[in-house]
Amino acid sequence: MLERLMQQAEQAEVFEIENESTQIGFEANKLKSFQVEETRGIAARVMLDGRLGFAASSDLSAVDRLIENTLESARHGDALPLRFPLPQPGPTPQVHDPQLAALSTDRLIEIGQEIVDIVLAVEGGAHVNVNLERGARCTTLRNSAGVQVTAQKSPLTITVATERVEGDDVVLMFDYLTTTRWDEGHRDLAGRIADKLRLARRVTTLAPGRLPVLFSPTAALVLALPITEGLDGKNVYRGISPLAGRIGEQLFDQKLAVIDDPTIDGRPGSGSHDAEGVPHQQRALIDGGVLQGFIYDLKTAAQANVEPTGNGQRDLFRPPTPEFSNLVIQGGETPLAAVIAGIKKGLLVENVLGIGQGNVITGEFSNNLSLAFLIEGGEIVGRVKDVSIAGNIYQDLRQIEAVSQESQWVYGRFCLPYVLLPELNVVTKGE
Amino acid sequence: MREQIKAALRASKADYTEIRLEQRESTRIVFRGNNLETADVTIDRGGIVRCLVRNGGWGIATFNDVSDLARRVEQAYQGARAIQGEPIELAPIPVTQDRITVSLQQDFRGTSVSEKKALAERYNAILTGLDPRIVDNQTYYADTFNHLTFANSDGTFIQEERPMVTTYFLAVARENGNVQQTFDGISRAAGFEVALGHEQWVQEIAQRAVDLLSAPRVKGGRYTVVCNPTLAGVFAHEAFGHLSEADFVYENPKAQEMMVLGRRFGQDFLTIVDDGSLPNLRATHKYDDEGTPTQRTELIKNGILVGRLHSRQTAAKMGEKPTGNARATGYRYPPIVRMTNTFIESGQTPFEEMIGDIDLGIYACDAYGGQTALENFSFSSGYAYMIRNGQLAEMVRDVILSGNLFVTLDSIDAVGNDFEWSERGMCGKGQGGLPVSDGSPHIRIRDVLIGGE
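Remember, it's a predicted structure, so these values are computed and weren't measured experimentally.

Turning our eyes to something else, we now look at the overall build of chain A. For chain A, the count of helices and strands is 10 helices and 20 strands. Computed over C-alpha atoms, the radius of gyration of chain A comes to 23 Å, within 12% of the 22 Å expected from 2.2 N^0.38 for 431 residues, which places it in the range of a compact globule. Along the first, second and third principal axes, the C-alpha atoms of chain A reach 70 × 55 × 35 Å. With 431 residues in all, chain A has 54% of them scored as buried.

Right, dumping it as structure tokens:
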């Protein structure tokens, strides 16, 4: 296929996907579904007369049409000084674990059952939904400059959603575990949920006002998401990132450090190269609150006339765009227990609604809280309902009260600590 | 293929087996700024087999290679056997043999990529040319033609053509540190004509982004809010509709108590309906993805909860009838209970009367997104105006409505007489985007919590 494209275009690239996965679903505490999934597909890109073309197919018997579609796409493409990369070595993090890949279906079912049992032991009336997905993913990228990169990963993702309904009161909770290295981490996951359900039993009220707000790692995505948008080279090139043109400036509290790190063992976001064959690298993007750089894929880098950074990510039917490998907000100095103990009166935010809705690029956020606790006198005293928070990260992250030592992987690719902001606007129905 | 499908079904050892195959071809044109992001054609082919072992559970196999269906059935059957569960029953539905073809006004399969690109480029030029403060923009055009085959072991065999044309526009305006964006689009199961004639509308979208630059942020607090039909439709879908999906309640006695039929949810003039059989809407199909005919299902009638949405499994479990709401987001997913075209029925109140007695309130329009956690919801409106002394006043931005469903439905104190469909909706429940339509007239809600400084 690559050879056939090279005969007709100046440059060519073929990206092949071959994935298998097993999914096991527990619904309302009971094993309910079992799904196997096989994915096959090819995406191709060419540079033809200096223009970029793209096409993809999951029908492997339609190779002729795929080639035709790729060349046709290039005829409509914009002229672009893009060069597919030469072969270069990259880091070698561990992303494939034979032990994980070999976990039997029976063992996966047992793991799900253990999670359900741990949660029910604390909260017998809860409904626990668990989804376990174990994948074997293999992608191969070849290009006309000689790159041939095969990536094999064995990710396991466990998603747990619990609900407890009492009258008109509903407590919903979500938590995740994603790893490519098996370490029996599901018990910690279930333990975290059980602890929160226990804490959520007591409901208390809170008056509106400006209060210290402690974001859990799951909730800290409220703060991290606008940062990812601001650091995206495409938004910088388009001139809509508030961070554009500000490298070297102290824009945040010095406790804030943000790293794109594809070199961490055991993470599905890690690997030797990005999905365009550019070597992955660990990069500090914000260090001591000072902006250091942005992330780029090949196309955006060519448009912006900068070097690609190894952040081109793609799906079969979606051409590459700049994306983080693993976004790490570095842990701080203070243990979580000490952070909480230091709060006279404040809010602990565990889960929010509406992440990503509203005007994310400007840094603004406004979220209804699906799970939040009141902290008084350094202790968690109860759950608060019907509360929302609002702010702008470009104002509110100029002063960070504390960043916890402890971090947690959330949503697969974010490693986030607890972050305490000294004051946020909190709207409630309380007196 | 028909014989292969039938043979694979006959060979199945499961109590119930179904096969759904899809073959779709899509053209996509995307402009961002002045640049073409992509003009491409993609081919997607794949299928799903679902097997039920009555005292086990569901086993599912999804795949791209459709050459060996018997093996996929066996994989799904083995999965179903791995589960030791409570008996699962499926409510009976008629056995159907049908072939549904579409005839498009202007068939996009006969339109060249050049012509589609030229259309998108014209719209894009309106976005980029309107005002120098528009710093970023996107014009998106896509068409998909899907050949779908559904067959089950009861003897149902349905072949269906499903076209879809989608076009949307995004404008981002910037002045110093202030960045505002607007977004709108249309999508319909029809031909290329859906994408034509939107010049005026595209200009309005771009102008609104510029106007938002000078709009102040709304002051947080509690307000009387009038929602335009688009936002009210999203509210009906997100805040209420998901609770009426039977998969939320069918295994949960507490949730059944909360959603007990006969409970009063709103005032007499509030009626909410789901109807997958209405002609020419985005979520209209003759059958759902289990082969059940679609129908009109009243959810709230005159303020009282009277119905809910079912798949065959949830209907059997609750002793009710399937409603044709088992839908799947493509061949990667089994069908689950989903809404189709969901709407608040038209009422009596003209818009002027609705805002006429509001001293201080908000007129909230369109939705950027919405999320619910059962009783709690949060929505961002796309743009909004203050209402002062019964009149529309200045534009405001960042209006995010949140609240408790039960309280809020009960606080709807006026339903307008100006019903409209919104044809851009995607619902993300569980499986990612599935086309839905929302409809509503203007509605007025008392005492809504608006976030903000």
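Structure's up, so let's keep going.
Okay, the interface of chain A and chain B next. Taken residue by residue, the interface counts 59 residues in chain A and 61 residues in chain B. Of all elements in the fold, only strand 2 (30-48), strand 3 (51-57), helix 2 (63-76), strand 6 (156-166), strand 7 (169-179), strand 16 (364-376), strand 18 (387-392) and strand 20 (414-428) of chain A reach the threshold of two or more residues within the side of chain A that touches chain B. With 12 residues, strand 2 of chain A is the largest single contributor of residues to the side of chain A that touches chain B. Its residues placed into classes, the side of chain A that touches chain B shows 19 nonpolar, 24 polar and 16 charged. With 2 bridges connecting them, strand 3 of chain A and strand 2 (residues 35-52) of chain B associate as parallel partners. The residue bridging A:Ser57 from the neighbouring strand is B:Ile43, located in strand 2 of chain B.

Residue and element names in this part refer to chain B. Taken N-terminus to C-terminus, the directions of helix 3 (residues 113-129) and helix 4 (residues 199-213) make an angle of 30°; their axes are 9 Å apart at the nearest point. Taken as axis vectors, helix 3 and helix 4 run roughly parallel relative to one another. As helix 3 runs across helix 4, the sense of the crossing is right-handed. The segment helix 3 lies against helix 4, with Tyr123, Ile126 and Leu127 engaging Glu199, Val202, Gln203 and Ala206.

Further remarks concern the sheet that holds strand 11 (residues 304-305) of chain B. Residues and elements named next belong to chain B. Spatially, 11-10-9-14-23-20 is the arrangement adopted by the 6 strands of the open sheet, whose pairing is mixed. Looking along the sheet, the strands with just one partner apiece sit at the ends: strand 11 and strand 20 (420-422). Of the pairings in the sheet, the one linking strand 14 (residues 341-344) to strand 23 (residues 437-440) comprises 3 bridges and is parallel in character. Across the sheet, the residue bridging to phenylalanine 343 is glycine 439, located in strand 23.

Here we come to the domain arrangement of chain B. All names here are of chain B. We note that the domain assignment places domain 1 (2-213) and domain 2 (221-450) within chain B. Opposite the 33 residues of domain 1 that make contact, domain 2 presents 24 residues. Every element with two or more residues in the side of domain 1 that touches domain 2 is listed here: strand 1 (16-32), strand 2, strand 3 (58-63), strand 5 (134-152), strand 6 (157-175), strand 7 (178-188) and helix 4. Ranked by residue count, the leading element in the side of domain 1 that touches domain 2 is strand 7, at 7 residues. Considering only residue class, the side of domain 1 that touches domain 2 consists of 16 nonpolar, 10 polar and 7 charged.

All names here are of chain A. Partitioning chain A into domains gives domain 1 (2-197) and domain 2 (203-431). In this structure, domain 1 and domain 2 have C-alpha centres spaced 23 Å apart. On the side of domain 2, 31 residues touch domain 1, which itself brings 38 residues to the contact. Among the secondary structure elements, those contributing two or more residues to the side of domain 1 that touches domain 2 are strand 1 (11-27), strand 2, strand 3, strand 4 (127-143), strand 5 (148-153) and strand 7. Residues belonging to the side of domain 1 that touches domain 2 are distributed by class as follows: 24 nonpolar, 11 polar and 3 charged.

Our focus in this paragraph is the packing of helix 4 (residues 105-122) of chain A against helix 5 (residues 186-199) of chain A. Residues and elements named next belong to chain A. Two elements in contact, helix 4 and helix 5, have axes separated by 9 Å at closest approach and are oriented at 25°. Judged by the inter-axis angle, helix 4 sits roughly parallel to helix 5. Relative to helix 5, helix 4 is oriented so that their crossing is right-handed. Seen from helix 4, the contacting residues are Ile111, Glu114, Ile115, Ile118, Val119 and Val122; seen from helix 5, they are His186, Arg187, Leu189, Ala190, Gly191, Ile193, Ala194, Leu197 and Arg198. Grouping the amino acids of the contact of helix 4 with helix 5 by side-chain chemistry returns 10 nonpolar, 2 polar and 3 charged.

Moving on: the pairing of strand 3 of chain A. Residue and element names in this part refer to chain A. Counting buried positions along strand 3 gives 6 out of 7 residues, so the element sits mostly inside the fold. Bridge count for strand 2 against strand 3 is 7 bridges, and the pairing is antiparallel. The partner of alanine 44 across the bridge, within strand 3, is alanine 55. Counting the residues in the hairpin turn of strand 2 and strand 3 gives 2 residues, including aspartate 49, whose phi is positive at 50°.

The next subject is the pairing of strand 6 of chain B. Residue and element names in this part refer to chain B. Looking at chain direction, strand 4 (residues 97-100) and strand 6 are connected through 4 bridges and run parallel. Bridged to isoleucine 100 within strand 6 is glutamate 160. The turn linking strand 5 back onto strand 6 is made up of 4 residues, and glycine 155 within it adopts a positive phi angle of 110°. Between strand 6 and strand 7, which pair antiparallel in sequence order, lie 2 residues; one of them, asparagine 176, sits at a positive phi of approximately 55°.

Moving on, we get to the nonpolar core. Side chains of nonpolar character tend, in soluble globular proteins, to be buried together. By size, the foremost hydrophobic cluster in this structure holds 223 residues, and its most contacted members are A:Val349 and B:Ile362. By residue number, the principal contributor to this core is strand 20 of chain A, which donates 10 residues. A:Val349 has contacts with A:Val213, A:Leu214, A:Phe215, A:Ser216, A:Ala219, A:Leu369, A:Ala372 and A:Ile389, leaving out every residue within four places of it along the chain. By size, the runner-up hydrophobic cluster in this structure holds 24 residues, among which are A:Leu5, A:Val46, A:Met47 and A:Leu48.

Conventions used here
Residues numbered from 1 in each chain as written. Chains lettered and ligands numbered in written order. Predicted model: local features only at pLDDT ≥ 70, side-chain atom pairs only at ≥ 80, totals over all residues. Helix = DSSP H or I, 4+ residues; strand = E, 2+ residues; numbered from the N terminus. Rg over C-alpha atoms; globule rule 2.2 N^0.38 Å. Buried ≥ 20, exposed ≤ 12 C-beta atoms within 10 Å, placed from the backbone. Contact = placed C-beta atoms within 7 Å. Nonpolar A, V, L, I, M, F, W, Y, C, P; charged D, E, K, R; others polar. Pairing = 2+ DSSP bridges. Axes fitted to C-alpha atoms, helices over the stretch in contact; angles between N-to-C directions. Parallel < 35°, antiparallel > 145°, perpendicular 65-115°, else oblique. Left-handed = near helix turned anticlockwise from the far one by under 90°. Domains from an automatic or database assignment. Core = buried A, V, L, I, M, F, W, Y, C linked by C-beta atoms within 7 Å.

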